[in-house]
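# What the coordinates show
Listed below, chain by chain, are the residues.
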Amino acid sequence: ATTINSADLESFQSVLRYSDRVLALCGAGLSAASGLPTFRGAGGIWRSHAAVQLATPEAFRENPGLVWHFYNYRRHMALGAKPNAAHYALVELARRKKGFLTLTQNVDGLSPRAGHDARKIKYLHGSLFDLKCSAFFCDYKETNNYVDPLVPALEIPKEVPQPTPSGTAGSSEAATASLEKALGITSNDMDISKSEVPLRDVSADELPHCPKCGNGLLRPGIVWFGEQLPSDTLKEVDKFVAESPKIDIMLVIGTSAAVYPAAGYVAIARDKGARVAVINVDRNDIPGGQYGMCRGDWFFQGDASTIIPELFK
Ligand code: BJW
């Protein structure tokens, strides 16, 4: 069970009470208690090398049907999951604090579904529910597409283990196991014929095409490795930072803080005077490693859905 050191809790709350400018960097651990898998570490989606390879533009060019199977299933899981107590507590803190901004790396749509003020949240890595044209000359983009399955060809066969978000922290691992089983990516290659379930090959013709150029395939509106983060989003974050004479608190919630430029905001907030509060089940994931904590920082170890509501009381 998660226990919070009461001296740390008191010191954090007394600083938070008088803080005007608060920045929160969130990652997959925020949604773990909703039953959605994380990426790295035990039980993460990326323990299988093949899953890492699916999240690239090259994989999409090579086998768009397989990549869409991966994302269609993740959309299905996210739609079946519910926001947890940490999402709701963040929504409430954002409402209370005038100078508040959430930077989320999560693509699962749970923060908006919890009612997060849209002006106070930036989606650094896109959304499972955004689609964009994959043709380099076309700028077509659509948001809030919740069609499940996205196209009939991606229907999840009945034999596939259905994700069952249990609403408990450990369920993230169960969700990963069902994702891997569904897609046959337990081995380190992407041969779906080795899948335990009859996942069918989906040809490009059966996938959604761009209604604007009529030519390109639609792809998930997610930032893959090597791709640039949305420049308008980065500009808005820069504006928040530039307009803050001081940042009081930087919250780092459920993220390995291993992916840039997102992780870089911790150092940027520190330069603006922020004290950093890390909320994570794993002490090894403190940003900057074992010497990453500075005097005045806090580390709260445990499940975000238990800790965050306590911290923001
Ligand atoms: C709990 C919990 C519970 C569990 N409660 N906690 C500078 C230095 C080095 C490298 C680079 C650099 N700048 C750029 C790079 C390259 C690269 C990068 O960062 N690589 C690193 C891996 C080294 N970055 C990029 O490629 C970025 N693009 C870019 O920089 O472009 C430049 C460019 C310029 C001009 C032209 C072109 C390009 C893009 C990065 C996009 C990342 N996208 C992904 C994949 C999405 C695909 C998908 O969803 O399928 O987004 S990566 C993946 O990691 C995903 C996540 O958003 C992201 C972050 O992961 P997150 O959320 O932290 O999850 P985990 O699993 O890592 O951690 C979970 C944490 O929760 C753990 O700590 C657990 O302990 C904890 N936890 N349960 C609390 N219950």
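No experiment lies behind these values; they were computed from the predicted model shown. (Residues numbered from 1 in each chain as written. Predicted model: local features only at pLDDT ≥ 70, side-chain atom pairs only at ≥ 80, totals over all residues.)

The helix and strand inventory of the chain stands at 10 helices and nine strands. Once the C-alpha set of the chain is aligned to its principal axes, its extents read approximately 55 × 45 × 35 Å. Here the chain, with 313 residues, has 42% of them falling under the buried criterion. Here the analysis covers contacts within the chain between residues at least 6 apart in sequence; of these, 71% occur between residues at least 24 apart. (Helix = DSSP H or I, 4+ residues; strand = E, 2+ residues; numbered from the N terminus. Buried ≥ 20, exposed ≤ 12 C-beta atoms within 10 Å, placed from the backbone. Contact = placed C-beta atoms within 7 Å.)

This paragraph deals with the site of the ligand. Near the ligand there are 36 residues, and of these G27, G29, F39, Q105 and S256 occur at the shortest range. When grouped by side-chain class, the residues that make up the shell around the ligand number 18 nonpolar, 13 polar and five charged. (Near = placed C-beta within 6 Å. Nonpolar A, V, L, I, M, F, W, Y, C, P; charged D, E, K, R; others polar.)

One face of the sheet, then the other: side chains in a regular strand alternate in exactly this way. Counting buried positions over the six residues of strand β2 (residues 99-104) gives five, a clear majority of the element. Two strands pair when backbone bridges link them, and strand β1 (residues 21-26) and β2 are joined in this way by six bridges, in the parallel orientation. Its bridge partner lying in β2, A24 is registered against T102. Relative to strand β3 (residues 121-123), β2 runs parallel, the two sharing three bridges. The partner of L103 across the bridge, within β3, is K122. (Pairing = 2+ DSSP bridges.)

Interaxial distance between helix α5 (residues 85-96) and helix α10 (residues 304-311) falls to 7 Å at its minimum, and their mutual angle equals 25°. Between α5 and α10, the interaxial angle falls into the category roughly parallel. Every pair of crossing elements has a handedness; the one defined by α5 and α10 is left-handed. Along the contact surface, α5 presents A85, A86, A89 and L90, while α10 presents A304, S305, I308 and P309. Partitioning the contact of α5 with α10 into residue classes produces seven nonpolar, one polar and no charged. (Axes fitted to C-alpha atoms, helices over the stretch in contact; angles between N-to-C directions. Parallel < 35°, antiparallel > 145°, perpendicular 65-115°, else oblique. Left-handed = near helix turned anticlockwise from the far one by under 90°.)

A few words now on the UniProt feature "binding site: Zn(2+)" (unreviewed entry) in the chain. UniProt feature "binding site: Zn(2+)" (unreviewed entry): in the numbering of this structure it lies at C133, C138, C210 and C213. Spanning 81 residues, the named residues nonetheless gather at one spot, since no C-alpha pair among them exceeds 8.8 Å. Within the element layout of this structure, C133 appears in strand β4 (residues 126-133). Apart from the residues lying within four places of it in its own chain, the contact partners of C133 are C138, Y140, C210, K212, C213, G216 and L218. With respect to the helices and strands, the residue C210 is situated in the loop between α7 (171-183) and β6 (218-222). Given 20 C-beta atoms within a 10 Å radius, C210 is considered buried. Among all residues touching C210, those that are not within four sequence positions of it are C133, A135, C138, Y140, N215, G216 and L218. (UniProt positions renumbered as here; feature names shortened; annotations may be inferred.)

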